[in-house]
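The lines below spell out each chain.
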Amino acid sequence: MSELIVAMDFSDPGDLLACADELRGTVSWCKVGLEAFVLAGPELVHKLEQKGFRVFLDLKFYDIPNTVAAAVRSASRTGARLLTIHTQGGEAMCRAALAAAREAGDRRPLIFGVTVLTSFGEGQMPGIEQGPQDFAKHLASLASSWGLDGVVCSGLEAPHIKTHTNLLALCPGIRPKGASANDQARVVTPAMAVQAGADYLVVGRPITKAADPAGAARAILEEMASVPRTCPNTTC
Ligand code: C5P
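A short tour of the structure in this document, coming up. All residue numbers refer to positions counted from 1 along the written sequence of the respective chain. Local features in a predicted model are, by the rule used here, given only for residues with pLDDT of at least 70; side-chain atom pairs are given and counted only at 80 or more, and totals for whole chains, interfaces and linings are based on all residues. No hydrogens and no water enter the side-chain calculation; it runs on all heavy atoms of the structure.

### Brief notes about the packing of helix 3 (residues 65–76) against helix 4 (residues 91–102)
Packed helices, taken two at a time, are described by the angle their axes make and the gap between the axes.
Phase 1: Helix axes are fitted only over the stretch in contact, all axes being lines through C-alpha atoms; the angle between N-to-C directions runs from 0 to 180 degrees. Secondary structure elements are defined from DSSP: runs of H or I of at least 4 residues count as helices, runs of E of at least 2 residues count as strands, and each element is numbered from the N terminus. The interhelical angle for the contact between helix 3 and helix 4, taken along N-to-C directions, is 30°, at an axis separation of 8 Å. Judged by the inter-axis angle, helix 3 sits roughly parallel to helix 4. In this structure, helix 3 crosses over helix 4, and the sense of that crossing is right-handed. Packed against helix 3, whose contacting residues are P65, V68, A69, V72, R73 and S76, the element helix 4 presents A92, M93, A96, A97, A100 and A101 at the interface. Any angle that falls under 35 degrees is termed roughly parallel, while one over 145 is termed roughly antiparallel, one within 65 to 115 roughly perpendicular, and all others oblique. When the near helix sits turned anticlockwise from the far one by under a right angle, the crossing is termed left-handed; a clockwise turn instead gives a right-handed crossing. Whether two residues touch is decided by their heavy atoms; if any such pair falls within 4.5 Å, the residues are in contact.

### Notes on the site of the ligand
Phase 1: For this description, a residue counts as near a given molecule or strand if any of its non-hydrogen atoms is within 4 Å of it. Within the structure, the ligand sits among 16 residues, and D9, K31, R175, G204 and R205 are positioned closest to it.
Phase 2: Note on areas: Shrake-Rupley, 1.4 Å probe, and residue coverage restricted to the protein chains presented here. Summarising the interface, the protein chains cover 89% of the accessible area of the ligand, which totals 470 Å² for the free molecule.
Phase 3: When each cavity is represented as a set of grid points, the ligand is found to reside in the largest pocket.
Phase 4: Of all the secondary-structure elements, those providing two or more residues to the shell around the ligand are strand 3 (54–61), strand 8 (200–203) and helix 8 (205–208).
Phase 5: Gly is put with the polar residues, along with every residue not named as nonpolar or charged; the nonpolar set is Ala, Val, Leu, Ile, Met, Phe, Trp, Tyr, Cys and Pro, and the charged set is Asp, Glu, Lys and Arg. Grouping the constituent residues of the shell around the ligand by class yields 7 nonpolar, 3 polar and 6 charged. Cavity: a set of points on a 1 Å grid over the protein atoms alone where a 1.4 Å probe fits but cannot get out. Pocket: an open set with protein on both sides within 12 Å along at least five of seven lines, its lining residues, like those of a cavity, having an atom within 4 Å of a point. The rule for placing a molecule in a cavity or pocket is simple: more than half of its atoms must lie within 2 Å of the grid points.

### Digging into helix 9 (residues 213–225)
Phase 1: Every helix has an expected span of 1.5 Å times one less than the residues it contains. Here helix 9 spans 18 Å end to end across 13 residues, near enough to the 18 Å set by a 1.5 Å rise per residue.
Phase 2: Partly exposed residues are those whose accessible area sits between 20% and 50% of the maximum for their type, while under 20% is buried and over 50% is exposed, using a 1.4 Å probe and protein chains only. Inspection of helix 9 places P213, A214, G215, A216, A217, I220 and M224 among the buried residues, and these make up the whole buried set.
Phase 3: Those residues of helix 9 that are buried lie in contact with strand 1 (3–7), helix 1 (13–23), helix 7 (190–195), strand 8 and helix 8.

### Quick word on the pairing of strand 1
Phase 1: Judged by how many residues are buried, strand 1 sits mostly within the fold: 4 of 5 residues are covered.
Phase 2: Strand direction decides the pairing type here: strand 1 and strand 8, joined by 4 bridges, are parallel. Within strand 8, the residue paired with E3 across the bridge is Y200.
Phase 3: Both strand 1 and strand 2 (residues 29–33) contribute to a ladder of 3 bridges, which runs parallel. The residue bridging A7 from the neighbouring strand is K31, located in strand 2. DSSP calls a pair of strands paired once it identifies at least 2 bridges connecting them.

### Points about helix 4
Because the α-helix completes a turn every 3.6 residues, residues three or four places apart line up on one side.
Phase 1: Helix length check: helix 4 (12 residues) gives 16 Å between terminal C-alpha atoms against 16 Å at 1.5 Å per residue, within 8%.
Phase 2: Within helix 4 the residues assigned to the buried category are M93, C94, A96, A97, L98, A100 and A101.
Phase 3: If you follow the buried residues of helix 4, they end up packed against strand 3, helix 3, strand 4 (82–86) and strand 5 (110–114).

### Some details on the pattern of salt bridges
Phase 1: The working definition used for a salt bridge is a side-chain nitrogen of Lys or Arg within 4 Å of a carboxyl oxygen of Asp or Glu. Applying the stated rule across the entire model yields 16 salt bridges.
Phase 2: Note that E49 and R81 form a salt bridge whose closest N and O atoms lie 4.0 Å from each other. You can see E49 sitting in helix 2 (residues 34–50) and its partner R81 sitting in the loop between helix 3 and strand 4, a full 32 residues away along the chain.
Phase 3: You can call R81 partly exposed: its relative accessible area is 30%.
Phase 4: A salt bridge links R108 to D149; the nearest nitrogen and oxygen atoms lie 2.8 Å apart. With a gap of 41 residues between them, R108 in the loop between helix 4 and strand 5 and D149 in the loop between helix 5 (132–145) and strand 6 (150–152) connect regions that are remote in the sequence.

Laid out in structure tokens, this is it:
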């Protein structure tokens, strides 16, 4: 089953926790990103856990292997269930991140590699000749060979990734029909993402900026449930 993660991108931790209270009981996963974590830190993750949320801590680590391993070790202690690193950090960095996460044992966070940000369209990635979709597929195949748990990709690349690897796919860039794309370039609807085999759909502004966030989340969950999920590989 595909899961909905609400990206709670707020700079005021109070606003974030108020949004969490509104969504509690409707969604079980939330994303904490740099905007909130830089200000409020691990305490915020603990508070969300206490409210019953599973937390995706999206800090997108990219540094030398030793530093990323140490950051993953620290992030694992927050109780977050899913962490991100940049696949472009390379094999040594990705393997070091995974090894550090495994030290946490049974409750270790899943390590997902960001492929190509969903805000990148054709010809926008500095120094990369390949189009974003092909490059994302290439990075996903590397992530798979390095043993990562999953990748962050757009719903446009997910079918290929789910067919050719055993990776879990986490897809941002989700927009219900008629919603503004904002700064996202490679967008799909919730139904398209489910049909593409996405394991996790990350949705921010269409929910958090809605007049009725819980209603907007329910509408997305209903759309997700209205279509069959394509399960081309064994992780489904
Ligand atoms: O508001 P919106 O739905 O565009 O939010 C998408 C969320 O997913 C943001 O929190 C963003 O940081 C995150 N994300 C993304 N693209 C990636 C990885 C994460 O948009 N490749």
